[in-house]
Amino acid sequence: MTDSLRAAPAASWRDWLALTKPKVISLLLFTSIAAMCMAARGLPEWLPLAGVLLGGAMCSGGAGVFNMVLERDIDARMKRTAGRPLVTGVISLRQAIGFGSALSVGALLILWLFANPLTALIGLGGLAFYVLVYTLWLKRRTWQNIVIGGAAGAMPPLLGWAAVTGDLSPLAWALFALVFMWTPVHFWSLAFLVRDQYAAVGVPMAPAVLGTQRTLRQMLFYALLTVLSSLLPLALGEAGRLYGIALIALNLPLLLRILNLLRKTGPAEDVARADALGLYKFSMLYLALVFLALVLDRSLPLPL
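Figured I'd write up the structure that's included with this text. Since we're looking at a predicted model, the values are computed, not measured.

## Quick word on the packing of helix α13 (residues 212-230) against helix α15 (residues 241-264)
Direction vectors running N to C along α13 and α15 enclose 170°, while the axes themselves pass 9 Å from each other. As the angle between them shows, α13 and α15 are arranged roughly antiparallel. Residue-level contacts link Gln 213, Leu 216, Arg 217, Met 219, Leu 220, Ala 223, Leu 224, Thr 226, Val 227 and Ser 230 of α13 to Tyr 243, Leu 247, Asn 251, Leu 254, Leu 255, Ile 258, Leu 259, Leu 261 and Leu 262 of α15. Across the contact of α13 with α15, the residue classes break down as 14 nonpolar, four polar and one charged.

## Overview of a nonpolar patch on the surface
A cluster of nonpolar residues, Trp 46, Leu 47, Val 105, Leu 109, Trp 112, Leu 113 and Phe 114, forms a patch on the protein surface that exposes about 780 Å² of accessible area. The set of elements that each furnish at least two residues to the nonpolar patch consists of α3 (46-70) and α6 (93-114). Considering each element in turn, the nonpolar patch owes the most residues, five residues, to α6. Relative to the assigned elements, Trp 46 resides in helix α3. You can call Trp 46 exposed: its relative accessible area is 65%.

## Observations concerning the packing of helix α10 (residues 170-191) against α13
Direction vectors running N to C along α10 and α13 enclose 150°, while the axes themselves pass 8 Å from each other. Relative to α13, the element α10 lies roughly antiparallel. Regarding α10 and α13, the two cross each other, and that crossing is left-handed. Taken together, the residues of α13 that come into contact with α10 (itself represented by Ala 177, Leu 178, Met 181, Trp 182, Pro 184, Val 185, Trp 188 and Ser 189) are Thr 215, Gln 218, Met 219, Tyr 222, Ala 223, Leu 225, Thr 226, Ser 229 and Ser 230.

## Quick notes on the pattern of salt bridges
Where charged atoms from two side chains of opposite charge come close, those side chains can pair. Throughout the structure, instances matching the rule amount to seven salt bridges. A salt bridge links Glu 238 to Arg 41; its shortest N-O distance comes to 3.8 Å. Note that Glu 238 is positioned in the loop between α14 (232-235) and α15 and Arg 41 in the loop between α2 (22-40) and α3, a separation of 197 residues in sequence. Among the residues examined, Arg 41 registers a relative accessible area of 47% and is labelled partly exposed. Here Arg 195 ties to Asp 270 by a salt bridge, and the two come within 2.7 Å at their closest N and O atoms. Here the residue Arg 195 occupies a position in helix α11 (residues 195-201), and Asp 270 occupies one in the loop between α15 and α16 (273-299), the gap between them amounting to 75 residues. On the basis of relative accessibility, which here comes to 13%, the residue Arg 195 falls in the buried class. Within the structure, one salt-bridge network assembled from shared partners comprises Arg 41, Glu 238 and Arg 298.

Rules behind the numbers
Residues numbered from 1 in each chain as written. Predicted model: local features only at pLDDT ≥ 70, side-chain atom pairs only at ≥ 80, totals over all residues. Heavy atoms only, no water. Axes fitted to C-alpha atoms, helices over the stretch in contact; angles between N-to-C directions. Helix = DSSP H or I, 4+ residues; strand = E, 2+ residues; numbered from the N terminus. Parallel < 35°, antiparallel > 145°, perpendicular 65-115°, else oblique. Contact = heavy atoms within 4.5 Å. Nonpolar A, V, L, I, M, F, W, Y, C, P; charged D, E, K, R; others polar. Patch = residues over 30% accessible without salt bridge, like charges linked within 9 Å, V, L, I, M, F, W, Y side chains within 5 Å. Areas by Shrake-Rupley, 256 points an atom, 1.4 Å probe, with all protein chains shown as cover. Salt bridge = Lys/Arg side-chain N within 4 Å of Asp/Glu carboxyl O. Buried < 20%, exposed > 50% of the residue type's maximum accessible area, 1.4 Å probe, protein only. Left-handed = near helix turned anticlockwise from the far one by under 90°.

Written as structure tokens, this is what we have:
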């Protein structure tokens, strides 16, 4: 039998998992569960917790699948994404659409049944915003894509809070604002690593179209907004000294890292790979520790 007549290799579970962007899921789930713990001032009840863990993962995974469906042409031309299952053909377009649909519908049912209708509605809103607004509309049109599209990644704290309380308090919206303002710094630090690949396929990510200095100035602006957003729980009277001490330890290094990059990187220079990667990793640690500090502040019976 000739090579042309041989059946394509069957997709493995790793291929199906790769379609869901599992690395993205982990951070989104963390902010959801952290918000649940904040709302409950401790461990939430097991049923909504299970619903957010499973339904939240499926919702994010479904969005990831549709993102790959819509961006398969770009993925095929970028070194970073050329090995994705839809590009290699190990999973067909029809299979991917079916898989993404099943994940999305299943996620909304689980969020509705295990938590409440508001939680499911927030999940649907986040999924639709990521797929339709960010992926389909903004990403190929404007360098503000990740700024506006960051609203999708800021939905999980709202989802987690609603799963516990059935409503959205000012603190829940403060968590949304924090993640929303944090997203450009986080994403653009990664975009510096592949700016040439974005430029080659015509995707207007800020480092590829604004240049180094303008992008770093934008990152400093959003880092300042992130710092201000992180203060909202204190302003609302929803956090105490433990959280305040953590903010001092986290906000100062965030600003100093970007200021240092502005100082050491010339207008015609690229940000050094080690510096971009370092800022990217620190931004993830920053968000995780800010949320963890707020969880502990609201949960521990300490006279702080």
